[in-house]
Amino acid sequence: MIQNNIPIFQLHKLSNQFYGFQNPPQGVADFSPPQSTCISSNSTSDEADEQQQSLINERKHRRMISNRESARRSRMRKQKHLDELWSQVVWLRNENHQLMDKLNHVSESHDRVAQENVQLREEASELRQMICDMQLHSPSYPPPLSPIEDDVSPYVKSDSSITSSVDLLG
């Protein structure tokens, strides 16, 4: 008699367990030792599975801790890099401010020198005009000086004109 593809000896055993019978019915072979071996091997395999699962969980836990630590170190490196960048920004802004101050100072100096240069050119032109006027009114003075062109610096003069100017003044 097979019901739902379950052998008779297993069916009797199941019914005995449900109804509290201790002994299997007569005529049915006792398969207790192999079953106890199955149970003990099942419990051994369950223990092995539990140990395996425990190892897997422990590895997961260690990996999680390692990942957290790695993330923490990464955040610390990122924060350190960010702090260094802010320090560099402050230093560069300070240097930029100093360079702007220097540039303003040099620009002001240039403007003053350029203005002084214009004034000196005007004075040199006026003095040349005065010398020419003096030479025209007085026949005893040497011939008039050649005018210096405007694009030549007033500090650059030929030696002869300097000597003749010194002669005129002295």
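Residues numbered from 1 in each chain as written. Predicted model: local features only at pLDDT ≥ 70, side-chain atom pairs only at ≥ 80, totals over all residues. Heavy atoms only, no water.

S.K.: Summarise the overall build of the protein chain; cite the residues concerned and give the values.
M.R.: The helix and strand tally for the protein chain stands at 3 helices and 0 strands. Helices and strands appear in the protein chain in the N-to-C order α-α-α. Carbon and sulfur atoms form 57% of the exposed surface of the protein chain, whose accessible area is close to 15100 Å². (Helix = DSSP H or I, 4+ residues; strand = E, 2+ residues; numbered from the N terminus. Areas by Shrake-Rupley, 256 points an atom, 1.4 Å probe, with all protein chains shown as cover.)

S.K.: Outline a negative patch on the surface, supporting the account with residue identities and numerical values.
M.R.: On the surface, a cluster of negative charge is contributed by Asp46, Glu47, Asp49 and Glu50. Since its relative accessible area comes to 57%, Glu50 is described here as exposed. (Patch = residues over 30% accessible without salt bridge, like charges linked within 9 Å, V, L, I, M, F, W, Y side chains within 5 Å. Salt bridge = Lys/Arg side-chain N within 4 Å of Asp/Glu carboxyl O. Lys, Arg positive; Asp, Glu negative; His and termini not counted. Charge placed at Lys NZ, Arg CZ, Asp CG, Glu CD. Buried < 20%, exposed > 50% of the residue type's maximum accessible area, 1.4 Å probe, protein only.)

S.K.: An account of the pattern of salt bridges is requested, with residue identities and associated values reported.
M.R.: Tallying each qualifying case throughout the model produces 2 salt bridges. When the shortest N-O distance is used, the salt bridge between Glu58 and Arg62 registers 3.4 Å. Here Glu58 and its partner Arg62 are both found in helix 2 (residues 32–137), 4 residues apart, which amounts to about one turn of the helix.

S.K.: Requested: an account of the confidence of the model for the protein chain, with residues and values cited.
M.R.: Reading predicted coordinates in detail is not appropriate for stretches of low pLDDT. Per-residue pLDDT for the protein chain averages 75, and the proportion of residues at 70 or more is 56%. By mean pLDDT, helix 3 (residues 159–169) is the weakest element of the protein chain at 44, and helix 2 is the strongest at 90. Overall, residues 27–38 carries pLDDT values under 50, and its contacts beyond four positions in sequence, including any with other chains, amount to 6 contacts. Under a pLDDT of 50 for its full length, residues 154–170 has, in the predicted model, 11 contacts with residues more than four places off or in other chains. (pLDDT = per-residue confidence, 0-100. Contact = heavy atoms within 4.5 Å.)

S.K.: Outline a nonpolar patch on the surface, supporting the account with residue identities and numerical values.
M.R.: There is a patch of nonpolar side chains on the surface, built from Leu82, Leu85 and Trp86 and spanning about 300 Å² of accessible area. Structurally, Leu82 can be placed in helix 2.

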